[in-house]
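Take a look at the letters that make up each chain.
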Amino acid sequence: MKKGAKIAVTAIAVLLAAAAAGAGGFAVKKNSEGLPYDISSVEKIQNDVVIVSETEDSVTVKKNGDGKFRVLMFTDTHITDDPELNKTTVTYLVENIKEQKPDLVIFGGDNVTYGFNRQRNIELAELMEKLGVYWAAVLGNHEGEGFMAMSREKVIKLYSSYEHCLLKQGKKGVDGHGNCTINILNSDGSLREVFFLMDSGSYMSVGSKIKYGVKNIFGEVYDGVKPSQVEWYKEKHDALTAQYGYFRSVAVIHIPPYEAEREYSESDFLYGEKREGVCESGFNSGLVDAMLEKGSTRAVYFGHDHVNDFGVMYEDILFSYIQTSGYDTYTMQSKFDSPENEWLQGCTVLDIKKDGTYTAERIFNHQ
């Protein structure tokens, strides 16, 4: 055996031994294999939503009757390998779903993080199936990170294999994973609302930085929606318009769009506060310009920055944080030592009317 090969084999053995023993940088905490939550105790929530049709990058659903269609959004749950904090996150997750009784749940990224996370991903999906609500997710920048973590592609493939998950792998040749639409119909077949779900990536590679003209070549720069996804958005928009006529839509991504980082004054905020810098995409892909051009998307919801919870208007589009949801990450408590009644964890509720207009409410777990 060559010396280089022997060193490589030895290094791999050391890493595997460290992971198995819970040593060094690959510590595996007790009960980290799955969710520290009794899924068998969960009762099914009744709803009257049915799937009408599916394609490689869309699912069309209909609700019996024309009452409100409720969408519940969580983000940055960061279900990691800490049993105690995971239990808090999942307990509030279930309580909010049981109380709000949504027609659809959307996870806004950084959902199940850290290494050795396959079983946690499986059990999150099984939990949603036990609840019996339709659900979907976008990927955050931390999906795929960590030793023995599931790849981003495999997470989408796993989720989309479940009966109540409306997520699709997406069209081939388009950057990212899980780019798809959820089309919500009224009882008469008219289009009430469309949700565009898009993968905003993780971190930019050196090659991507050069390609998109980012000057910070060797520093950490957050990724974003790519031009191929923008073209996909425009094509889907045109196809839906041809089929249904004018419609309203909402986009959900994880990393805030390039335009979200700018100087704000207190009067700009429709609600919430800016408590940290906006960690936006490092380049402008043209997504927001395409939304303004097409005219249907009136809101972009995102996560990523855990102690920001504001909403502002960018021309005719609302930029809004989804209420952060996780406990095993940086929070108001860890960052500012804030008292419990100032913690931000919770969720965001959208009640969509027959004409596509909607009302939004922020739910706080500790207020």
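Residues numbered from 1 in each chain as written. Predicted model: local features only at pLDDT ≥ 70, side-chain atom pairs only at ≥ 80, totals over all residues. Heavy atoms only, no water.

Caption draft 1: Just the packing of aromatic side chains, in detail. Under the definition given, this model contains 16 aromatic pairs. For the pair Phe196 and Tyr233, a centre-to-centre distance of 4.6 Å together with 55° between the ring planes defines the contact as tilted. Of this pair, Phe196 sits in strand β7 (residues 191-197) while Tyr233 sits in helix α6 (residues 227-244); the two residues are 37 residues apart in sequence, bridging distant segments of the chain. Considered together, Phe196 and Tyr233 belong to a single accessibility category, that of buried residues. Three or more aromatic residues joined by ring pairs make a cluster, and in this case those are Tyr264, Phe269, Phe302, Phe310, Tyr314, Phe319 and Tyr321. (Phe/Tyr/Trp six-rings, centres within 6.5 Å; stacked < 30°, edge-to-face > 60°. Helix = DSSP H or I, 4+ residues; strand = E, 2+ residues; numbered from the N terminus. Buried < 20%, exposed > 50% of the residue type's maximum accessible area, 1.4 Å probe, protein only.)

Caption draft 2: Spatial organisation of the sheet that holds strand β6 (residues 180-185). With mixed pairing, the eight strands of this open sheet are ordered in space as β1-β2-β6-β7-β8-β9-β11-β10. Pairing within the sheet leaves two strands with one partner each, and these edge strands are β1 (49-55) and β10 (311-314). Each neighbouring strand pair of the sheet contributes to a mean axis angle of 20°, computed without reference to strand direction. Relative to strand β8 (residues 249-252), β7 runs parallel, the two sharing four bridges. Counted as the bridge partner of Leu197 is Val252 from β8. Along the sheet face, α6 touches β1, β2 (58-63), β6, β7 and β9 (297-302) and points at about 170° away from the line of β7. Set on the sheet, helix α7 (residues 287-294) makes contact with β8, β9, β10 and β11 (317-321); between it and β11 the angle comes to about 135°. (Pairing = 2+ DSSP bridges. Axes fitted to C-alpha atoms, helices over the stretch in contact; angles between N-to-C directions. Contact = heavy atoms within 4.5 Å.)

Caption draft 3: Examining the pairing of β6 more closely. Of all six residues in β6, six are buried; the element is thus mostly enclosed. Residues Cys180, Ile182 and Ile184 point to one face of β6 and Thr181, Asn183 and Leu185 to the other, with burial holding for every one of them. Sheet topology places β2 next to β6; five bridges connect them, and they run parallel. Across the sheet, the residue bridging to Val59 is Ile182, located in β6. Between β6 and β7, which pair antiparallel and follow one another directly, the connecting turn spans five residues, one of which, Gly189, has a positive phi of 90°.

Caption draft 4: Quick look at the pattern of salt bridges. Taken as a whole, this structure holds 15 salt bridges when the rule is applied. Close ionic contact of Lys171 with Glu235 constitutes a salt bridge, the shortest N to O distance being 3.3 Å. Linking Lys171 in the loop between α4 (152-160) and β6 with Glu235 in helix α6, this pair joins segments that are 64 residues apart in sequence. According to the relative accessible area criterion, Lys171 is partly exposed, its value standing at 35%. By relative accessible area, which is 43% here, Glu235 ends up partly exposed. Glu193 serves as the salt-bridge partner of Arg298, at 2.7 Å between the closest nitrogen and oxygen. Of the two residues, Arg298 is situated in strand β9 and Glu193 in strand β7; the sequence distance between them amounts to 105 residues. A relative accessible area of 0% places Glu193 in the buried class. Residues joined in a network through salt bridges with shared partners are Glu273, Arg275, Asp309 and Arg362. (Salt bridge = Lys/Arg side-chain N within 4 Å of Asp/Glu carboxyl O.)

Caption draft 5: Spotlight on unusual backbone geometry. Unusually for a residue other than glycine, Lys101 sits at a positive phi of about 50°. Tracing the backbone through its elements, the reader meets Lys101 in the loop between α2 (83-100) and β4 (104-107). Phi at Met148 takes a positive value of approximately 60°, unusual for a residue other than glycine. Inspection of the secondary structure assignment puts Met148 in the loop between β5 (134-137) and α4.

Caption draft 6: Structural view of the side chain of Asn308. For Asn308, the location among the structural elements is in the loop between β9 and β10. Under the relative-accessibility criterion, Asn308 is labelled buried at 2%. A distance of 2.7 Å separates a polar atom in the side chain of Asn308 from the backbone nitrogen of Arg275. Those residues in contact with Asn308 that sit more than four places away from it in its chain are Glu273, Lys274, Arg275, Glu276, Gly277, Val278 and Tyr321. (Polar contact = N/O pair within 3.5 Å; in protein donor to acceptor, adjacent residues only side chain to side chain.)

Caption draft 7: Structural view of empty space enclosed by the protein. Under the defined criterion, the tally for this structure stands at two cavities of 30 Å³ or more. In this model, the largest cavity occupies a volume close to 90 Å³. Lining the largest cavity are 16 residues, with Val225, Pro257, Tyr258, Ser285 and Leu287 positioned closest to its centre. For the lining of the largest cavity, the class distribution of residues is nine nonpolar, six polar and one charged. The computed volume of the second largest cavity comes to approximately 40 Å³. Looking at the lining of the second largest cavity residue by residue, the class counts come to four nonpolar, six polar and no charged. (1 Å grid on protein atoms, 1.4 Å probe; cavity = no way out; pocket = protein on both sides within 12 Å on 5 of 7 lines; lining within 4 Å. Points joined across faces, edges and corners; volume = space filled by probe spheres on them. Nonpolar A, V, L, I, M, F, W, Y, C, P; charged D, E, K, R; others polar.)

Remember, this is a structural readout, not a statement about activity or role.
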